[in-house]
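Working through the structure, step by step
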Amino acid sequence: SNPLVLGSLTLPAYTLGIFVSDTFCYVANHSQGLRIISVADPNNPYELGSYNTTGTAYDVTVADTLAIVADGNTGIIILNVKEPTNPILIGSYNTPGIASGIDYNGYLHLSDRPSGIGIIDITDPASPDSVGWYNTPGSAYQSRCYNSHLFVADGSSGLRVLDCADPGNIAE
C-alpha cells in the first residue's frame, strides 16, 4: 500500500540523519547543525530549537538528555537538550576523519570515514574519551550495534561485522 503523508516541515539545509524520542525528532541538518522538532502532532511538526554546529551535521543520536551529533570534519558535538528550545554545548571530540554516522549502546559507536570505527565513552559528556578504534578497509559511513556485534556500512568494502564485546579491542 502507499504510505500517507501526515505532515512535513521544510528545513534550511539537507536533512541527513534523524533520531526520534517521545514527541521529539532530532534532525542532523547538514550545514545548519541540529534541529529539534516537535512531532507531538504528526500532522503539524514544528521547530522547537536548534544549535548551529561548526561542521556538517551528518547524523544524530540521543541518550537521556544528551544529543550527540556526528559533525563531519569537527568530530562529535555533545549537547544538553533537556530544554529542547535551548540546546547547550557541553562537550566535543575531534576525530581523525569525517564523523558521518553515530550509534549509542552504552558506548558511542562512531563511523569516521575514512578512519574507520571509533568507540567513545561519554560517561563524562564534557570530556569524551576514546576507548578503541578499528580501521576498516573501506570508508565507514554508518554502523549499528546489536548485541556484541557492530554492523558497519563500509562504502566500497560492503558490510563489515565487528566484535565489540571488548570495546577497547574491536576485531573483525
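First, a word on scope: everything that follows refers to the structure included in this document. Note that the structure is a prediction, hence the values are computed from the model and not measured. (Residues numbered from 1 in each chain as written. Predicted model: local features only at pLDDT ≥ 70, side-chain atom pairs only at ≥ 80, totals over all residues. Heavy atoms only, no water.)

Spatially, four strands are ordered β1-β2-β3-β4 in an open sheet, and the strand pairing comes out antiparallel. Both outer strands of the open sheet, β1 (17–21) and β4 (46–51), are each paired with one neighbouring strand and no more. Averaged over all pairs of adjacent strands, the angle between strand axes in this sheet comes to 20 degrees, irrespective of strand direction. The pairing of strand β2 (residues 24–28) with strand β3 (residues 34–38) spans five bridges and is classified as antiparallel. (Pairing = 2+ DSSP bridges. Helix = DSSP H or I, 4+ residues; strand = E, 2+ residues; numbered from the N terminus. Axes fitted to C-alpha atoms, helices over the stretch in contact; angles between N-to-C directions.)

A few words now on the nonpolar core. If you look at the biggest cluster of nonpolar residues, it comprises 13 residues, and the most contacted ones within it are Ile68, Ile76, Ile78, Ile102, Leu108, Ile120 and Ile122. Elements supplying a minimum of two residues to this core: β6 (66–70), β7 (76–80), β9 (98–104) and β10 (108–113). Leave out the neighbours within four places in its chain, and Leu108 touches Thr61, Ile68, Ile76, Ile102, Asp103, Gly118, Ile119, Ile120 and Ile122. Formed by twelve residues, the second largest nonpolar core is a distinct cluster that contains Tyr26, Ile36, Val69 and Ile77. (Core = buried A, V, L, I, M, F, W, Y, C linked by side-chain atoms within 4.5 Å. Buried < 20%, exposed > 50% of the residue type's maximum accessible area, 1.4 Å probe, protein only. Contact = heavy atoms within 4.5 Å.)

Our next topic: the pattern of salt bridges. Going through the model one piece at a time under the given rule, you end up with two salt bridges. One salt bridge in this structure joins Arg160 and Glu172, with 2.7 Å as the shortest N-O distance. One end of the pair, Arg160, is in strand β15 (residues 159–163); the other, Glu172, is in the segment after β15, and twelve residues separate them in sequence. (Salt bridge = Lys/Arg side-chain N within 4 Å of Asp/Glu carboxyl O.)

Turning next to the side chain of Thr61. Relative to the helices and strands, Thr61 is located in strand β5 (residues 59–63). The exposure class assigned to Thr61 is buried, which follows from its relative accessible area of 4%. Discounting chain neighbours no more than four positions away, the residues touching Thr61 are Phe19, Leu66, Ala67, Ile68, Ile102, Tyr104 and Leu108.

Our focus in this paragraph is the environment of Thr136. Its place among the elements puts Thr136 in the loop between β12 (129–134) and β13 (142–146). Along the primary structure Thr136 and Asp112 are separated by 24 residues, whereas in three dimensions their C-alpha atoms are 9.9 Å apart. In contact with Thr136, other than residues within four places in its own chain, are Gly116, Ile117, Val152 and Asp154.

Only one face of strand β14 (residues 149–153) is covered, namely the face carrying Leu150 and Val152; the face carrying His149, Phe151 and Ala153 is uncovered. Relative to β14, β13 runs antiparallel, the two being bridged by five bridges. Residue pairing in the sheet places Arg144 in a bridge with Phe151 of β14. Bridge count for β14 against β15 is five bridges, and the pairing is antiparallel. Among the inter-strand pairings, Leu150 is bridged to a residue of β15, identified as Leu162.

Ordered by their spatial adjacency, four strands build an open sheet running β9-β10-β11-β12, and the pairing between neighbours is antiparallel. At either margin of the open sheet sits one strand with a lone partner, and together these are β9 and β12. Pairs of neighbouring strands in the sheet enclose a mean axial angle of 25 degrees, with direction left out of account. Note: strand β11 (residues 116–121) against β12, five bridges, orientation antiparallel. Paired with Asp121 across the bridge in β12 is Asp129.

Time to look at unusual backbone geometry. Put simply, Arg113 and Pro114 share a cis peptide bond, and its omega is -5 degrees. Relative to the assigned elements, Pro114 resides in the loop between β10 and β11. The phi angle at His30 is positive, at roughly 45 degrees, despite the residue not being glycine. Its location among the elements puts His30 in the loop between β2 and β3. Phi at Asp64 is positive, roughly 60 degrees, even though this residue is not glycine. As for its position among the elements, Asp64 is in the loop between β5 and β6. Of the residues examined, Asp64 reaches a relative accessible area of 75% and is grouped as exposed.

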